[in-house]
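# Inside the fold
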Amino acid sequence: MSEPEEELQGEQRDSTKKKKKKKDKRSGRKKKKQEKREEEEQQQVEEEEEESECVLLRGIFKLGKKSHDVLLTRTRLTWTPITPETPTGMNHESNKSPSLGMISTATRTTATVSPLSPLTNGNAVAQSANSGFAAALRKLAKQAEDPRGFSIRPRYLKVFINPSSHKKEAVHIYREHVAPLFKMADIRTDITVTERKGHALSVMKECKLDEYDGVVCVGGDGSVAELCHAMVLRAQLDADSPKKPVKPVLPLGIIPGGSTDVVSCSVHGVRDPVTAALHIVLGHLQQVDMCSFSSLGQLVRFGFSAMFGFGGQSLARAEKKRWMPSSRRREYALVKTLARLRPEDCQLSFLPAKKSNTNMFQNQDQDQDQDPESEGEESWTTNQGLYLSISIMSIPCLSPHTPNGLAPNTSLANGSAALIAVGNTSRSEFIKHLKRYSSSSGQFGFSFVETHAVSAVRIRPRSLIGWSEEESEEEGDSKTSPIIQSEGAAFPWNIDGELVEIANEVLVRVHPQLITLYGEEVDEAESTVSCSCL
């Protein structure tokens, strides 16, 4: 072979090697791209699977007569019976394993969507993907129906929304968290967005209630108090019983949208609108005691709790600073009232609750008919003295600020109210008493604090003369002088978070199980807020 031929063959071999190397490089790059693409797809699938298993809601619900641990994710709804345990830690039914119920709520694993989003964004594809969730919710609700076959869950609701509550988020809360659940559960609604104080009361007086299965309030404690008061008044009107409280026929659902949401926390344990909405959807009902507040024989209002003295004075100061943010307003009022701490000189009378009243009433109609001033041989207990604070509460009054409640020794439906009377003491001791409400216990462990379970309370200011902030600030720093005002002024009362000024004595009566609320009684509320002012 000649030299030129050898050089040509060598060049051909080199060219072939170069082409092979280029091909190998392209193949390697292609393989790396493919592997990277596969890794990205795998990562995306894992992320979507992880997102699909995100817990949207978890809680204990009653299905029939048994309690279940219910877990709702983006793709499935599961419920597991809760089996009681013996002191040894073994299940009563040790030979039986709990049956787990599960309903898939996703039609495909590559496009999971939040069950709430379909009804808020109007996406038809998303609605189709989550139609299983609606079916699951309806099936769960059906299982919660009355064993006798009667439906205890609502089909048509009258809804009141207070757009001014707290941070003005009530409308948003309802649209984003409540309306989708109602729609999925096939619940129709008639909505009234209130425009002023007393609007709900005026609507309730004229509303055709026989068309509805229940009433819903979206707002804070003030909105709840107004609607509860309106429902009892409407029941009296329908029964032609102007002097005797009458139990409303319809239950009330409370969707929390305020700053403290005391009633909602006492009924649901949390300030979560989804939890509250599901209690409504599933038809969970709780009988709740209420109080009537009257002065000189005239009804002032119906409600759950009232504070006289410190609680009323601090609220009166806060109401004068409505331009402040709610948290700053509360702290300002507390500090200002503590700085001007004064006792009230009054006659405090109470009727102790019967022992039978400390338990659930067997015959609520009979107990509702009883007049506290004519209950057999029982007599009123009367004390005269200086009091810094007097509270009457027919519910525990749980809130994020007081996780164990202002009245932890009472319940929603035991037929009695907690009377908490704080006698005159030093400012430092009173502050210690207040601070213990945010801890576990011990707020009543002071010699100047007395508590009683009562069925009626009468508070009669000694002077029958009122209070005002201006006069109290001119009295100096005396810790024992009662507040005496010019004739015609009124004392501030805090009734369910609303300021009510009353110049004369007030009679408070407990009416067992006067109203029905959607929800179930709980022991304590979530604790998420602390007050830095103390």
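Coordinates for the structure precede this section.
The structure contained in this document is the topic of the report that follows. On a predicted model such as this, the values are computed, not experimentally measured, just so you know.

## Structural notes on the packing of aromatic side chains
Enumeration over the complete set of coordinates arrives at 7 aromatic pairs. The interplanar angle of 40° and the centroid separation of 5.0 Å between the aromatic rings of Phe308 and Trp493 together place this pair among those described as tilted. One end of the pair, Phe308, is in strand β11 (residues 305-309); the other, Trp493, is in strand β16 (residues 491-495), with 185 residues separating them in the sequence. Judged by its relative accessible area of 1%, Trp493 falls in the buried class. On the basis of an interplanar angle of 85° and a centroid distance of 6.2 Å, the ring pair of Tyr437 and Phe444 is categorised as edge-to-face. Taking relative accessible area as the criterion, Tyr437 reaches 9% and is therefore assigned buried. By relative accessible area, which is 21% here, Phe444 ends up partly exposed. Joined through ring pairs, the aromatic side chains of Phe308, Phe491 and Trp493 make up one cluster. We note Arg188 situated over the ring of Tyr156; from NZ or CZ to the ring centre the distance is 4.1 Å.

## Topic: the environment of Val281
Assignment of secondary structure puts Val281 in helix α9 (residues 273-282). Between the alpha carbons of Val281 and Arg153 there is a distance of 6.1 Å; along the sequence they are 128 residues apart.

## Regarding the nonpolar core
Grouped together as the largest cluster of nonpolar side chains are 47 residues, with contacts concentrated most on Leu227, Leu252, Val263, Met290, Phe304, Phe430 and Leu517. Element by element, the count of residues in this core is highest for helix α7 (residues 221-239), at 6 residues. Excluding its chain neighbours within four sequence positions, the residues that come into contact with Leu227 are Phe160, Ala200, Met204, Val215, Val216, Cys217 and Leu252. Phe308, Ile390, Val457 and Ile502 belong to the second largest nonpolar core, which has 24 residues in total.

## A few points about the packing of helix α5 (residues 170-184) against α9
Where α5 contacts α9, the axes come no closer than 9 Å and their chain directions differ by 30°. Accordingly, the angle class assigned to the pair α5 and α9 is roughly parallel. Like other packed secondary-structure pairs, α5 and α9 cross with a definite hand, here right-handed. Mapping the contact onto sequence places Ile173, His177, Val178, Leu181 and Phe182 in α5 and Pro273, Val274, Ala277, Leu278, Ile280 and Val281 in α9. Here the residues of the contact of α5 with α9 are counted per class, giving 10 nonpolar, 1 polar and no charged.

## As for a positive patch on the surface
A cluster of basic side chains, namely Arg26, Arg29, Lys33 and Arg37, defines a positive patch on the protein surface. Relative to the helices and strands, Lys33 resides in helix α1 (residues 3-52).

## Looking at the pairing of strand β12 (residues 344-352)
Counting buried residues in β12 gives 7 out of 9 residues, a clear majority hidden from the surface. Where β12 meets strand β13 (residues 381-393), 7 bridges bridge the pair, whose relative direction is antiparallel. Paired with Asp345 across the two strands is Leu386, which belongs to β13. Examined bridge by bridge, β12 and strand β15 (residues 449-461) share 7 bridges and lie antiparallel to one another. Note on β15: the bridge partner recorded for Leu348 is Ile459.

## Re the pattern of salt bridges
Any two side chains of opposite charge can pair, so long as their charged atoms come close to each other. Tallied over the entire structure, the rule returns 7 salt bridges. Asp261 serves as the salt-bridge partner of Arg271, at 3.1 Å between the closest nitrogen and oxygen. A residue pair is termed long-range when its members are at least 10 positions apart, and Arg271 in the loop between α8 (262-268) and α9 and Asp261 in the loop between β8 (252-256) and α8 qualify at 10 residues. Look at Asp261 and you get buried, because its relative accessible area is 3%. Linking Glu429 and Lys432 is a salt bridge whose minimum nitrogen-to-oxygen distance equals 3.2 Å.

About the criteria used
- Positions within a chain are numbered from 1, following the residues in the order the chain's sequence is written.
- Local features in this predicted model are restricted to residues of pLDDT 70 or higher, and side-chain atom pairs are both shown and tallied only at a pLDDT of 80 or more, whereas totals for entire chains, interfaces and linings draw on every residue.
- Derived side-chain values reflect all non-hydrogen atoms in the structure, with water molecules and hydrogen atoms excluded from consideration.
- Only centres within 6.5 Å qualify two rings of Phe, Tyr or Trp (six-membered ring in Trp) as a pair; their planes then separate them into stacked at under 30 degrees, edge-to-face at over 60, and tilted for everything else.
- A run of H or I in DSSP becomes a helix once it reaches four residues, and a run of E becomes a strand once it reaches two; helices and strands are each numbered from the N terminus.
- With a 1.4 Å probe rolled over the protein chains alone, any residue whose accessible area is under 20% of its type maximum counts as buried; one over 50% counts as exposed, and the rest are partly exposed.
- We call a charge positioned over a ring when the NZ of a Lys or the CZ of an Arg lies within 6 Å of the ring centre and within 35 degrees of the ring normal.
- Only buried residues count toward a nonpolar core, which is a set of Ala, Val, Leu, Ile, Met, Phe, Trp, Tyr and Cys residues joined through side-chain atoms within 4.5 Å.
- Between two residues, a contact is recorded if the distance between any of their heavy atoms is within 4.5 Å.
- In this analysis, axes come from line fits to C-alpha atoms, helices being fitted only over the stretch in contact, and the angle between any two N-to-C directions falls in the range 0 to 180 degrees.
- Working rule for angles: under 35 degrees goes down as roughly parallel, over 145 as roughly antiparallel, 65 to 115 as roughly perpendicular, anything else as oblique.
- Crossings are classed by handedness, with left-handed meaning an anticlockwise turn of the near helix from the far one by less than a right angle and right-handed meaning a clockwise turn.
- By the convention adopted, Pro, Cys, Tyr, Trp, Phe, Met, Ile, Leu, Val and Ala count as nonpolar, Lys, Arg, Asp and Glu as charged, and the other residues, Gly among them, as polar.
- Candidate patch residues must exceed 30% relative accessible area and have no salt bridge, after which like charges are joined if within 9 Å and Val, Leu, Ile, Met, Phe, Trp or Tyr side chains if within 5 Å.
- For the accessible areas, the method is Shrake-Rupley and the probe is 1.4 Å, while residue cover comes only from the protein chains on display.
- What counts as a salt bridge is simple: a side-chain nitrogen of Lys or Arg found within 4 Å of a carboxyl oxygen of Asp or Glu.
- Under the counting rule used here, the positive set is Lys and Arg, the negative set is Asp and Glu, and His together with the chain ends is not counted.
- Charge coordinates come from a single atom per side chain, which is NZ of Lys, CZ of Arg, CG of Asp or CD of Glu.
- DSSP calls a pair of strands paired once it identifies at least 2 bridges connecting them.

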